[in-house]
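A structural walkthrough
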Amino acid sequence: MHRKLGYLYVLSVAVGAVAAFALAVTTLGGMVFGAGLFFLGVAWATTTAFALVAIKRGLWDQHKEWTIRSYVVTFAFVVFRAGQVAMHAANIGTTQQEIDVMSWACWAVPLLVTEVVLQARRR
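So, here's what we can say about the structure.

About the criteria used
Residues numbered from 1 in each chain as written. Predicted model: local features only at pLDDT ≥ 70, side-chain atom pairs only at ≥ 80, totals over all residues. Heavy atoms only, no water. Helix = DSSP H or I, 4+ residues; strand = E, 2+ residues; numbered from the N terminus. Buried < 20%, exposed > 50% of the residue type's maximum accessible area, 1.4 Å probe, protein only. Contact = heavy atoms within 4.5 Å. Areas by Shrake-Rupley, 256 points an atom, 1.4 Å probe, with all protein chains shown as cover. 1 Å grid on protein atoms, 1.4 Å probe; cavity = no way out; pocket = protein on both sides within 12 Å on 5 of 7 lines; lining within 4 Å. Points joined across faces, edges and corners; volume = space filled by probe spheres on them. Nonpolar A, V, L, I, M, F, W, Y, C, P; charged D, E, K, R; others polar. Core = buried A, V, L, I, M, F, W, Y, C linked by side-chain atoms within 4.5 Å. Salt bridge = Lys/Arg side-chain N within 4 Å of Asp/Glu carboxyl O.

Along the chain, the regular secondary structure elements total 5 helices and 0 strands. Element order for the chain, N to C, with α for helix and β for strand: α-α-α-α-α. With the C-alpha coordinates of the chain rotated into their principal frame, the extents come out at 50 × 35 × 20 Å. By the burial criterion, 33% of the 123 residues in the chain qualify as buried. Relative to all contacts within the chain whose residues are 6 or more apart in sequence, the contacts with residues 24 or more apart total 65%. Just so you have it, the chain exposes about 7900 Å², and 73% of that area is on carbon and sulfur atoms.

This is the structure we're talking about:
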């Protein structure tokens, strides 16, 4: 069951990453938003691919860590909305500035925190 759900997750990430790339190349949200979304797609596809490669090679611990990173990037969409709403409520910047900041912060900050935690656990 775990393996089947894993393949379903990988397929879902692939579809989501393609959608992120497609939206990023439009001028819908502006260049900064588009770049943040594009690199979110890159991070999402990369972390998921590394998790898949690790398990195919029998590297259980690496698979676990890359899967955690992938889940963190997946959760970026929730972080984006929560952060943008919080910035708006606090009257920080224009709507476009909120979107621009959160398009990067929604995945880069949680991924950085996750990496610090993962590395600290090794010590």
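Resuming the write-up.
In this model, the largest pocket occupies a volume close to 460 Å³. For the lining of the largest pocket, the secondary-structure elements that each account for two or more residues are helix H1 (2-24), helix H2 (31-56) and helix H3 (60-74). Top element by residues in the lining of the largest pocket is H1. It accounts for 7 residues. Across the lining of the largest pocket, the residue classes break down as 9 nonpolar, 6 polar and 3 charged.

Right, let's get into the nonpolar core. By size, the foremost hydrophobic cluster in this structure holds 18 residues, and its most contacted members are Leu37, Leu40, Val73, Cys106 and Trp107. Those elements that place two or more of their residues in this core are H1, H2, H3, helix H4 (76-89) and helix H5 (95-122). Apart from residues lying up to four places away in sequence, Leu37 is in contact with Ala20, Leu23, Ala24 and Ser103.

As a further point, take the pattern of salt bridges. The tally for this structure, following the rule as stated, stands at 3 salt bridges. In this structure, Arg69 and Glu115 form a salt bridge, with 2.7 Å as the shortest nitrogen-oxygen distance. You can see Arg69 sitting in helix H3 and its partner Glu115 sitting in helix H5, a full 46 residues away along the chain. Put simply, Glu65, Arg69, Glu115 and Arg122 are held in one network by salt bridges that share partners.

Remember that the coordinates give geometry; whether it matters functionally is a separate question.
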